[in-house]
Amino acid sequence: MKIVVIGATGTIGSVLAETLEAGGGHEVVRASRSGPVAVDLADPKSIDALFVTVGTVDAVVAVAGSGQLARIDASSDDDYFRGLEGKLLGQVHLVRRAARHVTDGGSLTLTNGVSVFSEPGLSFAALVNGGLAHFVPAAAAEMPRGIRLNSVSPGWVSETLEQMGRDGSAGTPVAEVVRAYVELIEGTARGQVIEPGVG
């Protein structure tokens, strides 16, 4: 398959792109905010330009992380809502636009985030991730031409926690997270929100 991975330079995206190429034998187009194939989910025109560049594809995966940790008492609205355009609305824009360029029966896979909000600073994440978790099953029923829409909710990734100086054992290893994306891309599921490492 020809697969666009948006956020291909990140912790999850880089491993996912390598796995799809090496393990699945797929043609992967690596897209990110800075790179040869550029896209910014916060800018709908940028998404349109991406598909002018790459043309028709079999699957699109968004693993671009533009959310943030922010408390409800953040000093300004901008400080609190930063990432809303890219993380939540950007993925909705992506679904609407990608559906025009994905082959019949193709696949769109989004990314939520943490679903257990056990510490301060996660209220914005709850807003974004909860919105996506409910959007995906509803929008999946509206997708044209048999296109499958799903999402992965990775929660804390072990490697990300370690980069933050925290205990990586409290998260899910990136290899396990990537496996969830691959199963959705290559499988038959639709309208699913998968939480790797849960259950």
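To keep things clear, this report deals only with the structure shown in the data block. (Residues numbered from 1 in each chain as written. Predicted model: local features only at pLDDT ≥ 70, side-chain atom pairs only at ≥ 80, totals over all residues. Heavy atoms only, no water.)

Observations regarding helix 2 (residues 44–54)
So, point 1. Buried within helix 2 are the following residues: Ser46, Ile47, Leu50, Phe51 and Val54. For helix 2, the buried positions fall inside an angular range of 140 degrees around the axis, keeping them on one side. In helix 2, the exposed positions angled more than 90 degrees off the buried face are occupied by Lys45 and Val52.
So, point 2. For helix 2, the elements touching its buried residues are strand 1 (2–6), strand 2 (27–32), strand 3 (37–38), strand 4 (57–62) and helix 4 (84–98).
So, point 3. Two or three places before Lys45, at the opening of helix 2, Asp43 has a side-chain oxygen 3.0 Å from that residue's backbone nitrogen.
So, point 4. Positive phi shows up at Gly55, right after helix 2, with a value of about 75 degrees. (Buried < 20%, exposed > 50% of the residue type's maximum accessible area, 1.4 Å probe, protein only. Helix = DSSP H or I, 4+ residues; strand = E, 2+ residues; numbered from the N terminus. Arc of directions from axis to C-beta. Contact = heavy atoms within 4.5 Å. Polar contact = N/O pair within 3.5 Å; in protein donor to acceptor, adjacent residues only side chain to side chain.)

Some thoughts on the pairing of strand 1
So, point 1. By the criterion of burial, strand 1 is predominantly enclosed, with four of the five residues buried.
So, point 2. Sheet analysis places strand 1 next to strand 2, joined by five bridges and oriented parallel. Paired with Ile6 across the two strands is Ala31, which belongs to strand 2.
So, point 3. As for the winding sense of the linkage, the β-α-β connection from strand 1 through helix 1 (residues 11–22) to strand 2 is right-handed.
So, point 4. In terms of strand pairing, strand 1 meets strand 4 through four bridges, oriented parallel. Each bridged residue has a counterpart across the sheet, and for Val4 the counterpart in strand 4 is Val60. (Pairing = 2+ DSSP bridges. Right-handed = clockwise from strand over helix to strand, strands pointing away.)

A word on the environment of Gly13
So, point 1. Within the secondary structure, Gly13 is located in helix 1.
So, point 2. Sequence separation of Gly13 and Ala62 is 49 residues, and the distance between their C-alpha atoms is 8.4 Å.
So, point 3. Those residues in contact with Gly13, other than ones at most four positions away along the chain, are Val5, Gly7, Ala8 and Val63.

These values are about where atoms sit, not about what they do.
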